[in-house]
Amino acid sequence: MITPRFHCTQTLEAVAVSIYCPSVRASDVEINVDETLLTVHINPYFLRINFPHPVLEDDQSSATYDPSSGYLTVTLTKETKGQEFPDLDLLAKLLAPRHVEAPKQPVIEVIGSETSSQSELEELVDLTDAISLEQREIFEAAENDWQFPQTIVESSSPLQLSTKRYYGFLDMYTGYFTHVAHTENDINELGSEAESCSPEERRAKRLQHEEMKWDEEHYMADYVDDEYIQELLAWEDPELEDAECVFTENENMTMLNLPRKEYLPTKAQQRKLYLTLLTLLFAYAYDRRTTQHDPSPESAWTICSLIPAFSALDPPPYICLESVGPTIPTPGFTDDDLASALLPSYRRSLVFPLYRSFAMADACMNDVASILEKGKRMVTRCLLEMKHILDHHEVYYVYNKIWVDDFCVWIQTSASNEMMLDIAQQLKALAITKSMMGWNIEKLEADITDSDDESSE
């Protein structure tokens, strides 16, 4: 079945869904409404939309088909008149499966009960005293949802039952780099061992590669001759100044083609996703600023090189830092969490791309804060632009498959605007220092400044 193009609008009393299904017979349309769920089937198209609030199929509801435009418009009445239906432009969220919660009420209803006599109670006590230890354990298990007491066997390392190594979004993928040695993947830092490296080995290889590629002469050359870098730093992104983010037709089409998935991450996994999102947005912000939002043929390489989760399959969290400064009290992340997540992005921006400037890295972090401050729509748009860049590369498109596509869906369906706003406010006050890079950058800059002063004298 084909998922058709569609868009939603609303009034105070109704929701309208316009579905593009050209060259069909209107008499064959099947429409079903079940609380928040709308399903429309007209061969070869099938659409299932999960609204945030219930809708009704009553006398005010309607369905009209315009053969000239090819649009079927389904209008449904809101169950609660005047209720706002949020995020109707986030198509992936509307297409996500409806979440079914387990019943909170007991499944057994007590109709009546009788009080046992004293003799019966005494007999029950005698029987309870006579039960064996094994029977007692069974009774205790029954009281605790049949969960027997268990102890964790201490082990120096987790037991690996399979030769497969998983990576990507929520560690769901494997096998994408089996033949990486035969491809022109220039940003792969794991070599032919990409499929067999453990997470610890990936991190060690990444750090070793960063140290090997650090070039203090290149950095100092950009530090001294920074005229063009100053122009890039002064560039103001007009799109981040706009008050509203409205998706284009091409963006809507891309969202329709995203995978239909429902994610059930743990709280720890959710934290990892937010931290990994920062590294993706940092790389995107760097390319966006250095190209002034006009991607070049090198944009795919630049973006992938700056993201540890791409080049080394090594997403956050990383080691915690002790020298970040005072922690901002938020329920989500500490300064240590955010700084340690962005530290590899800072280091890589000083090692791999053409323009290597610490001030540029700071500007990119501020851009990330501005993007997050705009909410999930702006974040989705940035990820869709990144996806477009990588989709047009014959090798790096694979990182869309294991990371970006899932992030585009997760941002729309599960990410919290409040959490992203909290992180944005923290990033604005966060200070990542040159001393954290581990390359004596402050000393290098001081030496070149002293030599300039001596030359001027």
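From a predicted model like this one, the values you see are computed outputs, not experimental measurements.

J.: What is the right way to read the pairing of strand S4 (residues 37-42) from this model?
T.: Two faces, one strand: in a regular strand the side chains alternate between the faces of the sheet. Of all 6 residues that make up S4, 5 are buried, and the element is covered over most of its length. Bridge count between strand S3 (residues 30-34) and S4: 5 bridges; the pairing is antiparallel. Bridge pairing in S4 links Asn 32 to Thr 39. Two elements, S4 and strand S5 (residues 45-50), share 6 bridges in a ladder whose sense is antiparallel. Across the sheet, the residue bridging to Leu 37 is Asn 50, located in S5. Counting the residues between successive antiparallel strands, the hairpin from S4 to S5 contains 2 residues.

J.: Even after reading the chapter, I still don't get the packing of helix H8 (residues 249-256) against helix H14 (residues 376-391), so can you show me in this structure?
T.: The description of two packed helices rests on the angle between their axes and on the distance between the axes. Here H8 crosses H14 at 80 degrees, and the two axes come no closer than 11 Å. The angle between H8 and H14 places the two elements in the roughly perpendicular class. Contacts between H8 and H14 involve Glu 251, Thr 254 and Met 255 from the first element and Thr 380, Arg 381, Leu 384 and Lys 387 from the second. Partitioning the contact of H8 with H14 into residue classes produces 2 nonpolar, 2 polar and 3 charged.

J.: I keep staring at the pattern of salt bridges and nothing clicks. Help me out?
T.: If the charged atoms of two oppositely charged side chains come close together, the side chains can form a pair. What the rule picks out here adds up to 25 salt bridges. With a closest N to O distance of 3.2 Å, Arg 5 and Glu 249 form a salt bridge. On the criterion of sequence distance, the pair formed by Arg 5 in strand S1 (residues 5-10) and Glu 249 in helix H8 is long-range, its members being 244 residues apart. Take Glu 249: its relative accessible area is 44%, and that puts it in the partly exposed class. We note a salt bridge from Asp 447 to Lys 443, for which the minimum N-O separation is 3.2 Å. Taken as a pair, Asp 447 and Lys 443 lie in helix H17 (residues 441-456) at a separation of 4 residues, close to a single helical turn. A relative accessible area of 54% means that Lys 443 is categorised as exposed. A single network of salt bridges, built from pairs that share partners, joins Glu 189, Arg 203, Arg 206, Glu 210, Glu 211, Asp 314, Arg 347 and Arg 348.

J.: How should I be thinking about the sheet that holds S4 in this particular structure?
T.: The strands making up a sheet associate through backbone hydrogen bonding, with each pair oriented either parallel or antiparallel. In spatial order, the strands read S3-S4-S5; together these 3 strands make up an open sheet with antiparallel pairing. Of all strands in the sheet, those with a lone pairing partner are S3 and S5, marking the two edges. The mean angle between the axes of side-by-side strands here comes to 10 degrees, regardless of whether they run parallel or antiparallel.

J.: Explain the environment of Ile 42 here, please?
T.: Within the fold, Ile 42 resides in strand S4. The class of Ile 42 is buried, set by a relative accessible area of 3%. A sequence separation of 12 residues divides Ile 42 from Glu 30, and the C-alpha atoms of the two residues are 6.3 Å apart. The contact partners of Ile 42, leaving out residues within four places of it in the chain, are Cys 21, Val 24, Arg 25, Asp 28 and Val 29.

J.: Help me understand helix H13 (residues 358-373), please; the structure alone is not making it clear to me.
T.: Owing to its 3.6 residues per turn, the α-helix brings residues three or four apart onto one side. Between its terminal C-alpha atoms H13 stretches 23 Å, which fits the 22 Å expected from 16 residues at 1.5 Å a residue. Its side-chain oxygen placed 3.3 Å from the backbone nitrogen of Ala 359, Ser 357 serves as the N-cap of H13. Phi turns positive one or two residues past the end of H13, at Gly 375, with a value near 95 degrees.

J.: Even after reading the chapter, I still don't get the packing of aromatic side chains, so can you show me in this structure?
T.: Any aromatic ring pair is given by two values, namely how distant the centres are and how the planes are angled relative to each other. Applying the stated criterion across every chain yields a total of 18 aromatic pairs. Aromatic side chains Phe 169 and Phe 407 sit 5.1 Å apart centroid to centroid with 85 degrees between the ring planes, which places their arrangement in the edge-to-face category. With a gap of 238 residues between them, Phe 169 in the loop between helix H3 (133-143) and helix H4 (199-213) and Phe 407 in helix H15 (residues 398-413) connect regions that are remote in the sequence. Centroid distance Phe 177 to Tyr 399: 5.8 Å. Interplanar angle 40 degrees. Geometry classified as tilted.

J.: Looking at this model, I keep getting lost on unusual backbone geometry. Mind explaining?
T.: Apart from glycine, the bulk of residues carry a negative phi angle, and the bulk of peptide bonds sit in the trans form. In this structure, Pro 44 follows Asn 43 across a cis peptide bond, with omega equal to 5 degrees. Following the sequence through the fold, Pro 44 ends up in the loop between S4 and S5. For the peptide bond that leads from Pro 316 to Pro 317, omega is 5 degrees, which places it in the cis range. Following the sequence through the fold, Pro 317 ends up in the loop between helix H11 (308-311) and helix H12 (335-349). The phi dihedral of Leu 170 falls on the positive side, at around 55 degrees, and the residue is not glycine. In this structure, Leu 170 sits in the loop between H3 and H4. The phi angle at Leu 313 is positive, at roughly 50 degrees, despite the residue not being glycine.

J.: So what exactly am I meant to see when it comes to the nonpolar core here?
T.: Across soluble globular proteins, nonpolar side chains have a tendency to be buried as a group. Of all hydrophobic cores here, the largest spans 120 residues; its most connected members are Phe 6, Phe 51, Phe 310, Leu 372, Tyr 399, Leu 427 and Met 437. The greatest single-element share of this core, amounting to 12 residues, is contributed by helix H9 (residues 267-290). Among residues more than four places away in sequence, those in contact with Phe 6 are Val 17, Ser 18, Ile 19, Leu 47, Ile 49, Leu 91, Leu 94, Leu 95 and Leu 256.

Analysis parameters
- Per chain, residues are indexed from 1 in the order of the written sequence.
- With pLDDT at 70 or above as the cut-off, local features in this predicted model cover only qualifying residues; side-chain atom pairs require 80 or more to be listed or tallied, and sums for whole chains, interfaces and linings still use all residues.
- Hydrogens and waters are ignored; side-chain quantities use all the structure's heavy atoms.
- Exposed residues in this analysis have more than 50% of their type's maximum accessible area, buried residues have under 20%, and partly exposed residues fall in between, with area computed by a 1.4 Å probe over protein chains only.
- Going along the chain from the N terminus, every DSSP run of H or I of four or more residues is numbered as a helix, and every run of E of two or more is numbered as a strand.
- By definition, two strands form a pair when at least two bridges between them are found by DSSP.
- In this description, a line fitted to the C-alpha atoms serves as the axis of each element, helices being fitted only across the stretch in contact, and the angle between N-to-C directions of two axes falls anywhere from 0 to 180 degrees.
- For classification purposes, an angle smaller than 35 degrees is called roughly parallel, one larger than 145 roughly antiparallel, one from 65 to 115 roughly perpendicular, and anything else oblique.
- Contact between two residues is taken to exist if any of their heavy atoms lie within 4.5 Å; hydrogens are not considered.
- Ten residues, namely Ala, Val, Leu, Ile, Met, Phe, Trp, Tyr, Cys and Pro, are considered nonpolar, four, namely Asp, Glu, Lys and Arg, are considered charged, and the remaining ones, Gly among them, are considered polar.
- Salt bridges are identified by distance alone: a Lys or Arg side-chain nitrogen within 4 Å of an Asp or Glu carboxyl oxygen.
- The span expected for a helix works out to 1.5 Å for each residue beyond the first.
- Any N or O atom pair separated by 3.5 Å or less is treated as a polar contact, with the protein-specific requirement of one donor-capable and one acceptor-capable atom, and with residues adjacent in sequence counted only for side-chain atom pairs.
- Pairing of aromatic side chains requires ring centres within 6.5 Å, counting the rings of Phe and Tyr and the six-membered ring of Trp. Pairs whose planes differ by under 30 degrees are stacked, by over 60 edge-to-face, and all others tilted.
- Throughout, nonpolar core names a set of buried Ala, Val, Leu, Ile, Met, Phe, Trp, Tyr and Cys residues whose side chains join them through atoms within 4.5 Å.

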